[in-house]
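# Coordinates in review
Read off the chains here:
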Amino acid sequence: MVERNSEPSAQERAGRPFPVSWDQFHRDCRALTWRLNEVGPFHAVVAITRGGLVPAAIVARELGLRVIDTVCVASYDHDKQGDLKVLKGISEQTAKLGGGTGKGLLIVDDLVDTGKTGKLVRELLPDAHFATVYAKPKGRPLVDTYITEVSQDTWIFFPWDTALSFQPPLRDGAA
Ligand SMILES: O=P(O)(O)OC[C@H]1O[C@H](OP(=O)(O)OP(=O)(O)O)[C@H](O)[C@@H]1O
Ligand SMILES: Nc1nc2[nH]cnc2c(=O)[nH]1
Ligand SMILES: [Mg+2]
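Values in this document were obtained by computation on a predicted structure and should not be read as measured data.

## A look at the overall build of the chain
- On a plain count of helices and strands, the chain comes out with five helices and eight strands.
- Listing the helices and strands of the chain from first to last along the sequence gives α-β-α-β-α-β-β-α-β-α-β-β-β.
- In terms of C-alpha radius of gyration, the chain reaches 17 Å, essentially the compact-globule figure of 16 Å for 175 residues.
- Each principal axis of the C-alpha distribution contributes one length, and for the chain these read about 60 × 35 × 25 Å.
- Classification of the 175 residues of the chain by burial places 40% in the buried group.
- Contacts in the chain between residues far apart in sequence, at least 24 positions, make up 61% of those at least 6 positions apart.
- As presented, the chain carries roughly 10300 Å² of accessible surface, and 53% of it is formed by carbon and sulfur atoms.
- Placing the 21 positive and 22 negative side-chain charges of the chain at their respective mean positions leaves the two points 2 Å apart.

Written as structure tokens, this is what we have:
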């Protein structure tokens, strides 16, 4: 565990682990697309980096969309949330497709937690449709479409951040 000072990280505060496999993530992204298919059509997908890139690729593939842009945001340093910074906004071409307000654009992220990232991107593109795969209660009101809600004290472990590892048997003190 990376610990930089004595303050507990967001991950430690969350406590309840929710590991997601590639298979599960793919299934959840497909389920998200089923819902989005009823809402569209969309002109383009806007992925919130970096976590939004993976679901954005799957959703774009399923919806037949080939224009994919990014809003690049830096906030959590591993698992501690600092000030939000927009490192890159959408291109002029994508902004035009969204009529300046994001209408007809589909913003995709892996999850909303506190909602800070979602709020910032919604301010940039108020009329866009915002979809995430997972949602925690604080951020949920910001999202138009999501698949699975988890409690606020859950920490989601994504497959690109994790690896298979040995677990000791319950008898030997495993949690
Ligand atoms: O609702 P919030 O409390 O703002 O948290 C949600 C954001 O946190 C994670 O991204 P992170 O900032 O960790 O960066 P990453 O996508 O580059 O991993 C996640 O991918 C969301 O974008
Ligand atoms: N991986 C991961 N990143 C997050 N960023 C904010 N909340 C979470 C979470 O539950 N899991
Ligand atoms: Mg992110």
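## Things to note about the UniProt feature "binding site: 5-phospho-alpha-D-ribose 1-diphosphate" (unreviewed entry) in the chain
- In the numbering adopted here, UniProt assigns the feature "binding site: 5-phospho-alpha-D-ribose 1-diphosphate" (unreviewed entry) to Arg50, Gly51, Asp109, Asp110, Leu111, Val112, Asp113, Thr114, Gly115, Lys116 and Thr117.
- Within the secondary structure, glycine 51 is located in the loop between β2 (44-49) and α3 (53-63).
- For glycine 51, the contacting residues outside a window of four places in its chain are Asp109, Asp110 and Trp160.
- Setting aside chain neighbours within four positions, we find valine 112 in contact with Phe130, Thr132, Tyr134, Ala135, Lys136, Gly139, Arg140 and Val143.

## Side note on the side chain of aspartate 109
- Here aspartate 109 lies in strand β5 (residues 105-112).
- With no salt bridge to any partner, buried aspartate 109 finds its closest opposite charge in arginine 50, at an N-O distance of 9.6 Å.
- In this structure aspartate 109 touches Ile48, Gly51, Gly52, Pro55, Thr117, Phe130, Ala131, Thr132 and Val133, once residues within four positions along its chain are discounted.

## Observations regarding the pattern of salt bridges
- For the structure on display, the rule yields eight salt bridges.
- The closest approach of N and O atoms between glutamate 62 and arginine 61, which form a salt bridge, is 3.0 Å.
- With a relative accessible area of 60%, arginine 61 lands in the exposed category.
- Two residues, aspartate 113 and lysine 136, come together in a salt bridge whose shortest N-O distance is 2.9 Å.

Rules used throughout
Residues numbered from 1 in each chain as written. Chains lettered and ligands numbered in written order. Predicted model: local features only at pLDDT ≥ 70, side-chain atom pairs only at ≥ 80, totals over all residues. Heavy atoms only, no water. Helix = DSSP H or I, 4+ residues; strand = E, 2+ residues; numbered from the N terminus. Rg over C-alpha atoms; globule rule 2.2 N^0.38 Å. Buried < 20%, exposed > 50% of the residue type's maximum accessible area, 1.4 Å probe, protein only. Contact = heavy atoms within 4.5 Å. Areas by Shrake-Rupley, 256 points an atom, 1.4 Å probe, with all protein chains shown as cover. Lys, Arg positive; Asp, Glu negative; His and termini not counted. Charge placed at Lys NZ, Arg CZ, Asp CG, Glu CD. UniProt positions renumbered as here; feature names shortened; annotations may be inferred. Salt bridge = Lys/Arg side-chain N within 4 Å of Asp/Glu carboxyl O.

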